[in-house]
Amino acid sequence: MVSTLHHACFTLIILASAALGEQAGVTPIQKVLQLMNDMVAKGTKEKNEEAVKFSAFSQWCTDTKRTKGDEIAAGNQKIEELNAFIDLKAVEIKKLTDRILELEEDVGRWKADQKAATDVRTKEETDYTATLTDYSESIDAIAGAIGVLKKQAYNRNQAELVQALVQVRSRRLVPRPAKKTLTSFLQLMQPDVEAMPDDRLSYKAPEAYGYEFQSGGVIDMLEKLADEFHIKKADLIKEEMKAKNAYNMIMQVLTDNIENADHEIKKKTLLRAETQQAKAEAEGELAETTKERDEDQAYLDETTALCQQKTDDFESRQKLRAEELETLKKAIEIISSGEVAGAGDKYLPTLLQTNSKSLAQTQNKQQNPLQLKIAAFLAERAQMSGSRVLSEVSQQVTANPFKKVKKLIKDLIVQLMEEATAEVEHKGWCDTELTTNKQTRDAKTADVASLTAEIEDLTATIAELTQNLADLAVQIKELEDAMAKATEDRTASKATNEQTIKEAKLAQTAVSNAMALVKEFYEKSAQATALAQQTPGEDAPETFVKPYKGLLPEGGNVVDFLEVILTDFTRLETETTDDEASEDSHYKDFMFESKKSKALKENETKHKTAKKTDKESALHFAEDELKTTKEQLADAVAYYEKLKPSCVDSGISYEERVKRREEEIQSLQEALKILQGEDFSP
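The shown structure was predicted, so the numbers you read here are calculated from the model rather than taken from an experiment. (Residues numbered from 1 in each chain as written. Predicted model: local features only at pLDDT ≥ 70, side-chain atom pairs only at ≥ 80, totals over all residues. Heavy atoms only, no water.)

**Brief notes about the overall build of the protein**
- Counting its secondary structure elements, the protein contains 12 helices and 0 strands.
- Beginning at the N terminus, the succession of helices and strands in the protein can be written as α-α-α-α-α-α-α-α-α-α-α-α.
- For the protein, buried positions account for 28% of its 682 residues.
- Of the contacts formed within the protein by residues at least 6 apart in sequence, a portion of 87% connects residues at least 24 apart.
- Just so you have it, the protein exposes about 44500 Å², and 56% of that area is on carbon and sulfur atoms. (Helix = DSSP H or I, 4+ residues; strand = E, 2+ residues; numbered from the N terminus. Buried < 20%, exposed > 50% of the residue type's maximum accessible area, 1.4 Å probe, protein only. Contact = heavy atoms within 4.5 Å. Areas by Shrake-Rupley, 256 points an atom, 1.4 Å probe, with all protein chains shown as cover.)

What follows is the structure, encoded as structure tokens:
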């Protein structure tokens, strides 16, 4: 290792000897030591500068990874929330769709029930009308027959009687035994032609009259039949009323069910459309959020790879620089040792100072007229354009040797061109960053305004729904109180009516009993004989003249009064019964309408409660989104403030800088052309 270092050091000595020939009184070993010390100093400085730069880069890596990691985590959390929200809305849409289909199926079934009930009711009405007509016509026919049979003051026209009885017998509702009795009765009325004498057959037969009134049994039968038909007719009418009322109640219930179902279908259809819209918006936001998350992840992956690569390179470079410095230090130690430095001082000659340097320096100290011309030209251009660079160059042209002027101008032209290229690149980067930043700030500002308006709308909607729910709760409570009060009143009224009817019936029984006693007494008293009159003298006081039959006139008045009282109690029973039926009907109607109204309000309460929950969830989501958007807007504004010093507030416009630099390059190129046109020898 030591021999290798010796070899390297001597090689450096040999190579540097020629380059260091301008120094006087310095041995090559001394010069090499100076060179290596300078290399160590430069290497140490560059190593430290590189470490400082990498520290800043490492901090940037840490900050970028943390920032992007936070953004990706926030994006993942938002994606999870959006997925959960979308799944929730999908479930709600399915439930709403199932419920709508169920309600539509119910509506179809109820409409079919309405049609079936209407068909049955139509048939019942047809049958009722036909049967009622039969009963009415049969009653009329029986009444007619009874009327004919009861004509007992004179002989009846036989044809009229037969026609009346035949009409009764032909009725469909007349029982078979009654028809048989009528047939037998009609046969008895026919004359026996075979029993008549032959000679009487030649005479004109007189008009046939019915036989004497001997048909009491037929009349009784017909009257019973008429009473039976009257009862059946009344029963038929009652049954028809019941059937009609039952039909109306069924139709009312089915109609209410259909109306309630249609109302719920409309509300749920509207709610489903709103839910589908919210789901679609969430899906769009999910796609955008996923895209942003993926872009952030790609950027983070690239940053991680770049940082890792730079870290590996930095560690490798630092290791190499450390080894280089260690090598140089060991080489300096070897060259500085007595083995090398002592031998060099003893055996190696010092480098001679040539006269060429002093000659050149003497020549450079002389002012060249062309330099003065170029300096004046550049100073004039500097004054015209206000260029500080041209002014400094004009001063350096006069201050530097003539040989360095040409190189100075060329280097400056190259430097200005590089600066122009760098500024173009910087200008493009600034334009891109400023445009992107402005778009971001504008978009986030619009998002903040939109989210703020949405939050205000949601807050107002929630407040309105809260008030509506409070109003509905009050209305439902009022309905419940009204129904409880109506039930209480109905119970009390029913008890009062029943007691009144009961007492009226008892009073009717008592009055009827009283009337029977009074009537029985006065019927007996009307048949009483006159009392025996005493045989007094003329001076005897007057006694009874007429037979005593009781207080008949007053008794008659009592009976009349009792009949009036009985009628009053009968009317009281009837009116109270009717009032009870009417009150019960009104109570049932009120309860039915109240229950229906309560069911509708409870259904509306359920709908508004669900809607309020959705709106509160949307409000929470919007508030979180607004917070995130404001943070993103603040980051964009902060980045814009960071861009302003280098991209906006530079004091002079980009166009002016480009124009001035072009003038400077043109002036320097013209000065260079002047130099290149001069023929001189060194």
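**Structural notes on the packing of aromatic side chains**
- Summed over the entire model, instances satisfying the criterion amount to 4 aromatic pairs.
- For the ring pair Phe 85 and Phe 621, a centre distance of 6.4 Å and an interplane angle of 15° mean the geometry is stacked. Of this pair, Phe 85 sits in helix α2 (residues 28-149) while Phe 621 is found in helix α11 (residues 552-648), placing the two residues 536 residues apart along the sequence.
- Owing to a relative accessible area of 24%, Phe 85 belongs among the partly exposed residues under this scheme.
- Under the relative-accessibility criterion, Phe 621 is labelled partly exposed at 26%. (Phe/Tyr/Trp six-rings, centres within 6.5 Å; stacked < 30°, edge-to-face > 60°.)

**Examining the state of the cysteines**
- This structure, assessed with the given rule, holds 1 disulfide.
- Each disulfide pairs two cysteine sulfurs, and for Cys 61 the partner residue is Cys 307, the sulfurs being separated by 1.9 Å. Across the S-S bond of Cys 61 and Cys 307 the torsion is about -95°, and the bridge reads as left-handed. Of this pair, Cys 61 sits in helix α2 while Cys 307 sits in helix α5 (residues 216-336), and the two are 246 residues apart along the sequence. (Disulfide = S-S within 2.5 Å.)

**A few points about the pattern of salt bridges**
- One pass over the full model with this rule turns up 36 salt bridges.
- In this structure, Arg 293 engages Asp 294 in a salt bridge whose closest nitrogen and oxygen atoms are separated by 3.0 Å.
- Of the residues examined, Asp 294 reaches a relative accessible area of 41% and is grouped as partly exposed.
- Between Asp 442 and Lys 438 there is a salt bridge, and its shortest N-O distance comes to 2.8 Å. (Salt bridge = Lys/Arg side-chain N within 4 Å of Asp/Glu carboxyl O.)

**Description of the nonpolar core**
- Ile 142, Ile 146, Leu 222, Leu 225, Phe 229 and Leu 236 are the most contacted members of the largest nonpolar core, which totals 16 residues.
- At the level of elements, α2 and α5 are the ones that each hand at least two residues to this core.
- Counting 11 residues, the second largest nonpolar core, distinct from the first, contains Leu 378, Leu 412, Ala 671 and Leu 672. (Core = buried A, V, L, I, M, F, W, Y, C linked by side-chain atoms within 4.5 Å.)

**Considering the confidence of the model for the protein**
- Of the residues in the protein, 69% reach a pLDDT of 70 or more, and the chain-wide mean stands at 75.
- Counted against residues more than four places away or in other chains, residues 192-214, with its pLDDT under 50, gives 19 contacts.
- Segment residues 678-682 is flagged for pLDDT under 50; beyond a separation of four residues in sequence, or across chains, it makes 4 contacts in the model. (pLDDT = per-residue confidence, 0-100.)

**Focus on the environment of Val 40**
- Following the sequence through the fold, Val 40 ends up in helix α2.
- Taking the C-alpha atoms as reference points, Val 40 and Leu 325, separated by 285 residues in sequence, lie 5.9 Å from one another.
- The contact partners of Val 40, leaving out residues within four places of it in the chain, are Leu 325, Leu 328, Lys 329 and Ile 332.

**Let's talk about a negative patch on the surface**
- Together, Glu 80, Glu 81, Glu 623 and Asp 624 line one region of the surface with negative charge.
- Listing elements by their share of the negative patch, those giving two or more residues are α2 and α11.
- Here Glu 81 is to be found in helix α2.
- When its relative accessible area of 36% is taken as the criterion, Glu 81 is described as partly exposed. (Patch = residues over 30% accessible without salt bridge, like charges linked within 9 Å, V, L, I, M, F, W, Y side chains within 5 Å. Lys, Arg positive; Asp, Glu negative; His and termini not counted. Charge placed at Lys NZ, Arg CZ, Asp CG, Glu CD.)

**Describing the side chain of Thr 275**
- Position of Thr 275 among the secondary structure elements: in helix α5.
- Thr 275 has contacts with Lys 89, Glu 92, Ile 93 and Leu 96, leaving out every residue within four places of it along the chain.

**Points about a nonpolar patch on the surface**
- Together, Trp 60, Tyr 299 and Leu 306 line one region of the surface with nonpolar side chains, adding up to about 270 Å² of accessible area.
- Within the secondary structure layout, Tyr 299 lies in helix α5.

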